[in-house]
Each structure stands twice: as structure tokens, then as C-alpha cells.
Amino acid sequence: MNTLERTGLKVAPAVRVRRIPASGNAALAASGLIQAALGIEFSLSGLNKLADPNFVRNFNAFVLASPGTHTGLLAPLIERLVLPNIALFASITKYTELILGVVLLLGAVEVGRRRLAGPIAAQHGYEAPVAAVAALAGLGAAGLSLTIALMMGEQLPTIMPGRALTTAIPVELLLVPLGIAVAWMEAGRFRVLSR
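A brief look at the structure comes next. Within every chain, residues take consecutive numbers counted from 1 along the sequence as written. The predicted origin of the model limits local features to residues at a pLDDT of at least 70 and limits the giving and counting of side-chain atom pairs to 80 or more, whereas totals for whole chains, interfaces and linings rest on all residues. Side-chain metrics rest on all non-hydrogen atoms present in the structure, leaving aside hydrogens and water.

## Things to note about the packing of helix α5 (residues 86-114) against helix α6 (residues 127-152)
- To get an axis, fit a line to the C-alpha atoms, keeping to the stretch in contact for a helix; angles then go from 0 to 180 degrees between the N-to-C directions. Each helix is a run of H or I in the DSSP string that is no shorter than four residues. Each strand is a run of E no shorter than two, and both are numbered from the N terminus. Two numbers describe how α5 lies on α6: the axes approach to 8 Å, and their chain directions differ by 135°. By the angle class used here, α5 and α6 are oblique. When the axes of α5 and α6 are compared, the crossing they make is left-handed. Listed contacts from α6 to Thr 96, Glu 97, Leu 100, Val 103, Leu 104, Gly 107, Glu 110, Arg 113 and Arg 114 of α5 are Glu 127, Val 130, Val 133, Ala 134, Ala 137, Gly 138, Gly 140, Ala 141, Leu 144 and Ile 148. Here roughly perpendicular refers to angles of 65 to 115 degrees, roughly parallel to angles under 35, roughly antiparallel to angles over 145, and oblique to all remaining angles. The hand of a helix crossing depends on one turn: near helix anticlockwise from the far one by less than a right angle means left-handed, and clockwise means right-handed. Contacts between residues were defined by any pair of non-hydrogen atoms, one from each residue, lying within 4.5 Å.

Encoded structure:
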């Protein structure tokens, strides 16, 4: 018993603040960079679609020419739902990409802001909801990318001499694990920030 306790004064226990280890901080910064790249990719893709005055016609031609439209997992859905409503699905694709991109970019800015020092890095009440929405955007980006890969009939990465001068992993398939990684990171941030 210390002297303050002997006099009848209660002593509050020391509060221990848990700090993020430097490696965790670096990992968050790196994942924020990946998230920013995904955000830029999806934002620009959506803006490119908005800027194209012939997007519905081009989207229709893309869907009709894609191998997954005629064979594969998505073929019945594409033939019965997408093709008869091509203008609606073209609009959904365009705005979904733009919204996903903007949300991913905003989430990446928040991840980056918290890595800074000083008052700019202060925690705010809006961070947990932003992290939750960014996690959903990461899953949305992964799902949209997987859908496009399936529709295009992309093959799993293999060793192919014809691909010696191209990417070994088709971009659409590469975006799937990156979107899942962003969703995982943002879901973790949401859990921590909502406590």
C-alpha cells in the first residue's frame, strides 16, 4: 500500500496505451498504397466509361464477343439477364466502377493520413464507417474483377511461351486478391477503430 492509499485516496490504475509496432505501421502504409492504386484503376475505368459516348454499344459488343457469354459459369445469367438489359448493366458497371474507385481512394487517404504525425493524424469518429465502406469496396472490386475475368474466359496463370512478353497473370485476375487484401485490411481497421 502506498502513501496515497493510506490516506484514503484512491489511485487510478495506470492506463497502458498499446502502440502499433513499426512493422504494423509500415504494413498499413503499404496496403494503403495498394488500395490507392486500386482506387485509381477503378476511378479511371469508371470515368473512361462516362466519357465514352458509345459506351452502351461498346459494352454490348464486348459482352457478345466474350467467351464467358456463351460458355462457362456466367453464360446462363449473361444470356437471360444481362443481354436483354444491356443498357442497364452498362450503366451499373460504369457507376459501380466509379463509386468503388472513389471509396477506395478515400479509404487510402485515411490510411495515409493516420501514418502522419501531429494534429493531422488525430483519430476521428468517421474513420470506422469509412473503413467498413472501404472494406466493402475492396470486396466489390474483387467481385467485379472476377466477374469480368470469368466473362472474358481468362485462364489461371500457367507457363505459356506465347506470354513471354505479356503479363503472366491477367490483370483482372490480379485485381481479385488485391481487392480481397484491401477488404481484409480495412475490415481489421474497422474492428480496431470501432472499439
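## What about the environment of His 124?
- Within the secondary structure, His 124 is located in the loop between α5 and α6.
- For the pair His 124 and Leu 193, spaced 69 residues apart in sequence, the C-alpha to C-alpha distance is 9.3 Å.
- At 3.4 Å, the side chain of His 124 and the backbone oxygen of Ala 122 are in polar contact. For this analysis, a polar contact is any N or O atom pair within 3.5 Å, provided that within protein one partner can donate a hydrogen and the other can accept it, and provided that sequence-adjacent residues contribute only side-chain to side-chain pairs.

## Examining the pattern of salt bridges
- We define a salt bridge as a contact between a side-chain nitrogen of Lys or Arg and a carboxyl oxygen of Asp or Glu at a distance within 4 Å. Counted under the stated rule, the structure contains six salt bridges.
- Among the ionic pairs, Glu 97 bridges to Lys 49, the shortest N-O distance being 2.9 Å. One end of the pair, Glu 97, is in helix α5; the other, Lys 49, is in helix α2 (residues 22-51), and 48 residues separate them in sequence.
- Where Glu 127 meets Arg 114, a salt bridge forms, and the shortest distance between an N and an O atom there is 2.7 Å. Of the two residues, Glu 127 sits in helix α6 while Arg 114 sits in helix α5, which places them 13 residues apart along the sequence.
- With relative accessibility at 1%, the residue Glu 127 sits in the buried group. Relative accessibility under 20% of the residue-type maximum defines a buried residue, over 50% an exposed one, and the middle range a partly exposed one, all with a 1.4 Å probe and only protein chains included.

## Examining the packing of aromatic side chains
- Here a pair means two rings of Phe, Tyr or Trp (six-membered ring of Trp) with centres within 6.5 Å. Their orientation is stacked below 30 degrees between planes, edge-to-face above 60, and tilted elsewhere. If you walk through the whole model with that rule in mind, you get one aromatic pair.
- Ring plane angle 40° and centroid distance 5.6 Å describe the contact between Phe 55 and Phe 59, whose orientation is recorded as tilted. Of this pair, Phe 55 and Phe 59 both sit in helix α3 (residues 55-65), four residues apart, roughly one helical turn. Phe 59 shares its class with Phe 55; the two are buried.

## So, the environment of Leu 106
- Within the secondary structure layout, Leu 106 lies in helix α5.
- Put simply, Leu 106 and Ala 134 are 28 residues apart on the chain and 8.0 Å apart in space, counted from C-alpha to C-alpha.

## Quick look at the side chain of Ser 145
- With respect to the helices and strands, the residue Ser 145 is situated in helix α6.
- Here Ser 145 is in contact with Phe 42, Glu 172, Leu 175 and Val 176, once residues within four sequence places are set aside.

## Some words on the layout of surface pockets
- Only protein atoms enter the 1 Å grid, on which a cavity is a set of points fitting a 1.4 Å probe that cannot get out and a pocket is an open set with protein on both sides within 12 Å along at least 5 of 7 lines, lining residues being those with an atom within 4 Å of a point. Grid points are joined across faces, edges and corners, and a volume is the space filled by probe spheres set on the points. Of the voids in this model, the second largest pocket is the one considered here, and its volume is about 630 Å³.
- Looking at the second largest pocket, it is lined by 28 residues, and the ones nearest its centre are Phe 59, Thr 93, Glu 97, Leu 144 and Ile 148.
- Of all the secondary structure elements, the ones that give two or more residues to the lining of the second largest pocket are α2, α3, α4 (75-82), α5, α6 and α7 (171-193).
- Classifying every residue of the lining of the second largest pocket gives 18 nonpolar, six polar and four charged. For this scheme, ten residues count as nonpolar: Ala, Val, Leu, Ile, Met, Phe, Trp, Tyr, Cys and Pro. Four count as charged, namely Asp, Glu, Lys and Arg, and the remainder, Gly too, count as polar.

## A closer look at a nonpolar patch on the surface
- A cluster of nonpolar side chains, Ile 40, Leu 44, Leu 47, Leu 50, Tyr 95 and Ile 99, forms an exposed patch at the surface whose accessible area comes to about 560 Å².
- It is α2 that contributes the most residues to the nonpolar patch, four residues altogether.
- Following the sequence through the fold, Leu 47 ends up in helix α2.
- You can call Leu 47 partly exposed: its relative accessible area is 44%. Like-charged residues within 9 Å of one another, or nonpolar side chains (Val, Leu, Ile, Met, Phe, Trp, Tyr) within 5 Å, are grouped into patches, provided each residue has over 30% relative accessible area and no salt bridge. Where accessible areas are quoted, they stem from the Shrake-Rupley method and a 1.4 Å probe; at the residue level, only the protein chains shown are allowed to cover.

## Quick word on α4
- Burial in α4 covers these residues: Ala 75, Ile 78 and Val 82. All buried residues of α4 fall inside an arc of 95° around its axis, so they share one side.
- The secondary structure elements touched by the buried residues of α4 are α3, α5 and α6. Note that the arc is computed from the directions linking the helix axis to the C-beta atoms.

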